[in-house]
Structure formats: structure tokens, C-alpha cells
Amino acid sequence: MDKPEALEFIHLLYIGVVMMLVLVIAVVVFVVLHQKNAHLLQAQLRQQELDYQAAMLHSVVASQENERERIAQDLHDEIGASLSTARLFINQVQYEVDTPHVQEMAQRASQILAETLQNVRHIVQNLSPAILEKFGFCRAVALLGDHLEATGLRVDLQVDEVVESLSATAQLTLYRIVQELFANATKHAQASCLTLRLLPEADKLKLFVADDGQGFTPELATAPRLTGMGLAGIRARAGLLGGHLEITSSLGQGTQVILLLPH
Amino acid sequence: MKLSNEQLVILLAVVPNAIAALVAALRWRQLPSPLRTLAVLVWFALFTEVFCRVLWLLKWSNLFAFPIYVTIEFGLLAGLYSQVIGGRWLPRLRWPLVVGLGVVAGLEGFLHFAQGVVVGNLARLLESLFVILLTLTYYYTSLRRPSSAYIWREPMFWVSTGLLFFFAGNFLIYTFMNFAYYYHRQQAVQIWVVHAALNSILYSTYAYALWISPKR
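Predicted, not measured: the structure shown is a model, and the values here were computed from it.

Looking only at helices and strands, one finds eight helices and zero strands in chain B. Reading the helices (α) and strands (β) of chain B from amino to carboxyl end gives α-α-α-α-α-α-α-α. Here chain B, with 216 residues, has 40% of them falling under the buried criterion. By sequence separation, contacts in chain B at least 24 residues apart represent 75% of the contacts at least 6 residues apart.

A few words on unusual backbone geometry. Non-glycine residue glutamine 190 of chain A carries a positive phi angle of around 50 degrees. Within the fold, glutamine 190 of chain A resides in the loop between helix H5 (168-187) and strand E2 (193-201). Overall, glutamine 190 of chain A belongs to the exposed group, with 12 C-beta atoms counted inside 10 Å. A positive phi angle, near 60 degrees, is found at lysine 59 of chain B, a position not held by glycine. With respect to the helices and strands, the residue lysine 59 of chain B is situated in the loop between helix H3 (33-57) and helix H4 (65-85). Looking at lysine 59 of chain B, the number of C-beta atoms within 10 Å reads 7, which means it is exposed.

Moving on to the interface of chain B and chain A. Listed per partner, the contact involves 22 residues of chain B and 23 residues of chain A. The biggest single contributor to the side of chain B that touches chain A is helix H7 (residues 155-183) of chain B, with nine residues. In terms of residue class, the side of chain B that touches chain A is built from 15 nonpolar, seven polar and no charged.

It is worth spelling out the sheet that holds strand E4 (residues 244-249) of chain A at this point. All names here are of chain A. Sheet architecture is open: five strands sit in the order E1-E2-E3-E5-E4, paired in mixed fashion. The outermost strands of the open sheet, each flanked by one partner alone, are strand E1 (154-159) and E4. On average, each strand axis in the sheet is tilted by 10 degrees relative to the strand beside it, whichever way the strands run. As defined by bridge partners, E1 adjoins E2 across six bridges and the pair is classed as parallel. Along E2, the bridge assignment pairs valine 159 with leucine 198.

Next up on the list: the environment of alanine 38 of chain A. Mapped onto the fold, alanine 38 of chain A is located in helix H1 (residues 6-96). Not counting chain neighbours up to four residues away, the residues in contact with alanine 38 of chain A comprise Leu143 and Pro146 of chain B.

With that settled, consider the pairing of E2 of chain A. Residues and elements named next belong to chain A. What joins E1 to E2 is H5, and the crossover it makes is left-handed. By the bridge criterion, eight bridges tie E2 to strand E3 (residues 204-211) in an arrangement that is antiparallel. Note that in E3 the partner of leucine 199 across the bridge is lysine 206. The antiparallel pairing of E2 with E3 creates a hairpin that spans two residues between the two strands, and alanine 202 there sits at a positive phi of about 55 degrees.

Turning our attention to the packing of helix H4 (residues 137-150) of chain A against H5 of chain A. Residue and element names in this part refer to chain A. It is the contact of H4 with H5, at a shortest axis distance of 11 Å, that shows an interaxial angle of 10 degrees. Comparing their axes, H5 and H4 come out roughly parallel. Crossing geometry of H4 relative to H5 is assigned as right-handed. Of H5, the residues touching H4 (which contributes Phe137, Ala140, Val141, Leu144 and Leu148) are Gln171, Tyr175, Val178, Gln179, Phe182 and Thr186. A class-by-class count of the residues in the contact of H4 with H5 yields eight nonpolar, three polar and no charged.

Rules behind the numbers
- Residues numbered from 1 in each chain as written.
- Chains lettered and ligands numbered in written order.
- Predicted model: local features only at pLDDT ≥ 70, side-chain atom pairs only at ≥ 80, totals over all residues.
- Helix = DSSP H or I, 4+ residues; strand = E, 2+ residues; numbered from the N terminus.
- Buried ≥ 20, exposed ≤ 12 C-beta atoms within 10 Å, placed from the backbone.
- Contact = placed C-beta atoms within 7 Å.
- Nonpolar A, V, L, I, M, F, W, Y, C, P; charged D, E, K, R; others polar.
- Pairing = 2+ DSSP bridges.
- Axes fitted to C-alpha atoms, helices over the stretch in contact; angles between N-to-C directions.
- Right-handed = clockwise from strand over helix to strand, strands pointing away.
- Parallel < 35°, antiparallel > 145°, perpendicular 65-115°, else oblique.
- Left-handed = near helix turned anticlockwise from the far one by under 90°.

Dropping the structure here:
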């Protein structure tokens, strides 16, 4: 076999190496460009998915509100009206009969009906957003506080009126969050003291709710069977408001909830 | 001892390796697990390079270190990519590939030992092929699951690009290595100059990847 010229061989080798490197550069450029496009596409898909989830959440919350409104209306118009009429009849019986035993029974029945009517009114108030339209957010939350104080809980409320500049939907969503937090404090936490602050902070609106109840562990907070829809509902509504929610709790140390809302 | 220009270039190729080793030492605490493997590889490569250069200057054969270096280098690279690429196939294949390559490199070294300067290229060619496949798999994974719009901000992009440059060039160099030794002994040193240049590119990309590495 003849020996190829030395320079010829070295040139061939250099050309080979350069071609290899050009090929590598082509691969790298292809990857850089396509990776950017793939990332953009992935981001678009993720955004579409998030938009879809938000739309679904909006729709679920809206239908929940409609349902609540319908139930509140039915309770008020049907049950409330019937109970009021029944109470009138029983009061009438109380005055028209002479038998003391029957009078006493009628009086007790009237009291029971009065209490039931009061409960129905509370339920209607809780269910219907009419309370917000009628009294405004600050007064509605104050009324919630009053109801809690009536159960023996010490409640410290401070709500800035700036919250009423939020849209009606946002106020209703925030009101539902407060309702749920109050319900958690009474039903699950067995708290004796509850603090709520809703104040502007920089360009945000900060909701701070703390109780001195029994608290819970992070495992409990994420176990769907134990938390039910309470915390999940709060998170979903906070998401709808575009807020940042932070829940801090530990056993025996109470619970603190901070919600930062764009304002 | 008077060194030719080519020999000087080959000796100076250790500088990017030393810089990469220094960067690895400076950034060690912040490095995530895969890049710690890279740091170990850089230190090991520097140690081997210095050790082999000393033997070279003493005119002792350093070819016995070659199979050891190839096996450990590939083992560390396979470890690095099995952490980055994910999936189960690479962790499963990793050890059989490393052991297989070690056996091939050992046998090749043993068979060529008597022939002195002839370099066994089969192990290096296989290593080049495997590493090229690993880097291409990394690129494929990045295209399938892009974690950022700017892949050049990822340290592993620079590691893979450096490796692809180095081993693509290496593949050609080791293919022609014995051909060059056989026909043009005097010109063969030119091949090592090209190899040194590729080595410098590789360790520069290593150093950059270690430098830009995000905090753990």
C-alpha cells in the first residue's frame, strides 16, 4: 500500500475534525432553537390548562352561590312564612283557650317556633349575599362576629372600609372565606379567642385571622378525608381572587391565616 | 529539556482543566448532586493529567493509566447523566456498560502493552460513542421536558455541548490514531495538538457549567 503524503493526511484529518465540529454546532443550534419553541409551547399549554381550571372554578363557585341564593330564598319565602303563620295561629290558640295546660303548651310551641324562625333567619343570612348588598362588607363581617360572640367566643375585629372598594364578586368571595375561617374556628379548633384584621398593606389588602384553638398538623391539613372541603374551598376562593394564602398551624398553638390580595 | 511548539501546546492544555478544578473547589458547597459528580471527574482528570505528564517528562510509559482513566471517566459521566436524564434504563445499564468498557479497556491495554506506543483505540471509540449517545439523550430530554426557555442557562447544556464537541472530535482522532502512527510517526503529534485543543474546549465548558451552577 502506498503511503499517502503526510500533509495530505493531516489536511484530511483537520477537515474531518472541522466537519465533525460543524455537525456538532448544527445539533446544538437545533436543540437551542427547538428547546425554546418547545418551552413556549409547554408554557402556552400550561396557561391554557390554568385558564380552564380557573374558568371551571369560577363556574363551580358561581353555581354554588346561585344554589345558596335559591335555598335562602326558599327558606325565607316558604319555610319562614309558614313558620310565622303557624306561630300566629298558636299565639291565637294561647289567647282563645282557657285550659292552663293547653295555654302552657301553646306558649312553649310558640317559643320553639320563634327560635326556629331565628335560626332560619341566621341560615338565610349566611346563605344569601343579600346581607352584603344590604349592610356592606364591614357590617356583614361585624354581624358574623356578633353571632360568634353570642356563642361565647371572644372576637376582635378590625376591618378597613377600603375593602368595600373591591368588586361585588370579590367582596362575596372574601366574605365566604371569612365565613369558612370563622366556622373552622368554632367547629374544629374549639377556640376561645378569635382575631381578624383586614387592612391595606402597601399595594395589597391583608387578611389576618388567628385563633387560640387546638390547631392542626400539616399532615391533617393535606388529608382530604379530615379537612373536607373547608380548607380546599378557602384555597380555591383565594386562588379566584388572585391572592396568596398562607396557613400556619401546629397542635395546641392555634391557627394563623394570612391572605394577601391584590388591591 | 527543549520542547517543541506542539509539545508546549499539549502541555498547556492542562490549564483549562486546572481552572475547572479550581472553580469546582470554590463552588463545591453550592453544587447540586450531578455537578458534584462532575467536580469529582474534573479533579480526577487533573490528577491523572499531572501524573501522566510527569511520567511523560521522565520518558516513562503512561499508557497503563489509560484503561483506568477511560473506565473511571465513563463511570462518572454515566453517573452524572443517570441523575440528570431520569428514567430507569440508564441506572440499570450504567454498571454493565462501565464494567464492560473497563474489561475491554483492560484487555486492550494488556494486549498492546508489549507493543509500546501503539494506542488501543477500541475502548476510547466505545466510550466516545456512549457519551455522544448520552449527550444526545440529554438534548432529547430537554426538548421533551423543557425546564426553561433558555437552555444555555442550564449548566448541563454546557457540560453536554463540551462533551459532544470533545467526543465527536475524539471519535475521529482515535479512528485515525494508529493509522497516523503507522504511516506518519512525525506528523502524529499534530493529532495530539487537535486533541489538546478539544480538551481545552471541554474543560472550559466544564468550568463555565460549574461557575453558573444554580444553588442546591
